[in-house]
Each structure stands twice: as structure tokens, then as C-alpha cells.
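# Inside the fold
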Amino acid sequence: MNGLGWALADSWTIARRTLTHWRMQPGLVLFQWFFPVLMLLMFGGLLGGAMEFPEGSSYYELLVPGIFALAMLFGLEGTMTAVTTDVSKGVTDRFRSLPMSSTAVVLGRCIADMLDSVVTLLVLVATGLALGWRWHEGLPAALAAFGLLLLLRFALLWVGIFIGLSVKNAQSVTMVQVLVWPIGFLSSTFVATSTMPAWLGTIAQWNPLSSTATAARNLFGNPDPSATATWIGTHAELAAVIAPLVLTAVFLPLSAHRFRTLSR
């Protein structure tokens, strides 16, 4: 094989290592897949009765796509933890000392985490359908919405890799994980930004998570009061593409540089 072929083969080997961990720790993996389902059921029950929607629709029309986006953000925590654990235990240094592609360790992590996100979305879609959520704009539009969700996950993956390579140990990740929750809640995930105070709604609308959630709702044909007359509200699909690309452009080279200069 040529250099690219070896790089891909090595990357798949690293990805299969993570898949083996799934088989060896099924309880932990199932919890990661079904935790967003718990969030969906909990917030659907807590807030559903207080929301007013047009006749024929329900709170789940707003909530389910929001939980899709939130699950992509929560995947950041797993990436950070896995990368930091490998670094602190010397696993990453051992991989770097082997006659293998230098990009395989990072690319293998990307492959495994993206597969994890696909499974998470499938579980959430099945749950949403069981609760009565539907998409109304046809399969191509729905696939485009899922593509935007996975694009956000891909961008956040590089953020997680960079943070995982930068912090000192797995315990330090906990401090970073605390910030994930405010970012997730300060968005249009659970409620429309139009119901917030003006200044807070503006901040929430410019959260990349809100752009992806609003774009997904538009593509699914689900009602979303967050799609207001502001630029970010009426151009959610464009923002849902630009924001992840910017994050990737910033954190991918930072992650690559951090990996090359890693010394623990």
C-alpha cells in the first residue's frame, strides 16, 4: 500500500480499539447512547405542558431536533476524556513510537467518535418517532439535517481532541466539562430564543448549537419560533455550515500541532 493506504489502515486499527472497548464495557456505552434519551423524556415531561404550539403539533416538534444538537455537544465530553486518559497513561506516546502513520491516532479517534454519534442519533430518532415526532419535508431534507448535525459533531470533535491533549489529567477534564452544560442550555435546544429576554436571546441565537438546532428544525419542517427576523435566525442553515467550518479550521491545526509537540 502507499502512504495514504497505510494511514487509513492504521487509523482503522485505532478505531477498532475503541470499538473493542464498546464490547468490553457495554454498560458505559449504552449509558452514553441513552443519556440523551433520558434528557428527551425528562424535558418533554417537564416543559411540554407549558408550551403552546399550533394545533396538530407538539413540544416534541421543537425539542427532538434540539436534543439531536445537544447530543452532538455532549459527545465532546467523551472525546476529551478518552484522549486525556490515553495521554496520561502513556498510550498515546506508545502509539507514536510505533512504525505507524503519525495521523492514525487522531484520525482513528475521529472515526470511532463519529460512529458513536451516528448510533446516538439513530437511538434518538427511534425514540422521537415513538413519541410522535416526525419530519415533514421529505427524506433528502432530513438527511441534510442529519448531515449538519454530524458536521457540528465533527467540529466539536477537534475541540475535544485539542482540550484532551492540553489538560494535565483526566480529573482536569471535569472542570472543562462543567462549561458544556451552560453552552448547551444557553441555546434554542429546549425553548425558543424569542421567549428569552432580548439580550439573552441574542446571545443564545449566536450559539452555534442554536444555529444547528434551528437549521435542523427548518429542514425537518418542524415549527421553530427561534427562526425570527434577525439575520442569524433567517440564515440558520448557512450559519450551521459556517460555524463548524470555522471551529474545524481553528482547532484541527491546533490539535495537530499539539499532538506533534506532545511531551508528558
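One can find the structure itself at the top, above this paragraph.
Small disclaimer: the values here were computed from a predicted structure and weren't measured.

This part is about the overall build of the protein chain. Each helix and strand in the protein chain was counted, giving eleven helices and zero strands. If you list the helices and strands of the protein chain from N to C, you get α-α-α-α-α-α-α-α-α-α-α. With respect to the three principal axes, the spread of C-alpha positions in the protein chain is 60 × 35 × 35 Å. Counting only residues that meet the buried cut, the protein chain has 47% of its 264 residues in that class. Long-range pairs, those at least 24 residues apart, make up 81% of the contacts in the protein chain between residues at least 6 apart in sequence. Looking at the protein chain as shown, the accessible area adds up to about 12600 Å², and 70% of this sits on carbon and sulfur atoms. Of the charged side chains in the protein chain, 14 are positive and 12 negative; the average position of the first set lies 19 Å away from that of the second.

Tallied over the full model, the rule gives 19 aromatic pairs. Ring centres of phenylalanine 35 and tryptophan 181 lie 6.2 Å apart, and the angle between their planes is 80°; this geometry places the pair in the edge-to-face category. Linking phenylalanine 35 in helix H2 (residues 26-47) with tryptophan 181 in helix H7 (residues 170-185), this pair joins segments that are 146 residues apart in sequence. Its relative accessible area of 32% is what places tryptophan 181 among the partly exposed residues. Both rings, one in tryptophan 181 and one in phenylalanine 185, keep their centres 6.0 Å apart while their planes meet at 25°; by these two values the pair is stacked. Of this pair, tryptophan 181 and phenylalanine 185 both sit in helix H7, four residues apart, which is roughly one turn of that helix. Grouped by ring-pair contacts, the aromatic residues Phe31, Phe35, Phe43, Phe74, Trp181, Phe185 and Phe190 constitute a single cluster.

Turning next to a nonpolar patch on the surface. Judged by side-chain polarity, Trp206, Trp231, Leu238, Ile242, Val246, Val250 and Leu254 come together as a nonpolar surface patch covering roughly 660 Å² of accessible area. With five residues, helix H11 (residues 236-260) is the single largest residue contributor to the nonpolar patch. Residue class for leucine 254 comes out partly exposed when judged on its relative accessible area of 36%.

Here we take up the side chain of serine 210. Mapped onto the elements, serine 210 comes out in helix H9 (residues 208-220). Once you skip the residues sitting within four places of it in the chain, serine 210 turns out to touch Ser187, Ser188, Ala204 and Gln205.

Calculation rules
- Residues numbered from 1 in each chain as written.
- Predicted model: local features only at pLDDT ≥ 70, side-chain atom pairs only at ≥ 80, totals over all residues.
- Heavy atoms only, no water.
- Helix = DSSP H or I, 4+ residues; strand = E, 2+ residues; numbered from the N terminus.
- Buried < 20%, exposed > 50% of the residue type's maximum accessible area, 1.4 Å probe, protein only.
- Contact = heavy atoms within 4.5 Å.
- Areas by Shrake-Rupley, 256 points an atom, 1.4 Å probe, with all protein chains shown as cover.
- Lys, Arg positive; Asp, Glu negative; His and termini not counted.
- Charge placed at Lys NZ, Arg CZ, Asp CG, Glu CD.
- Phe/Tyr/Trp six-rings, centres within 6.5 Å; stacked < 30°, edge-to-face > 60°.
- Patch = residues over 30% accessible without salt bridge, like charges linked within 9 Å, V, L, I, M, F, W, Y side chains within 5 Å.
- Salt bridge = Lys/Arg side-chain N within 4 Å of Asp/Glu carboxyl O.

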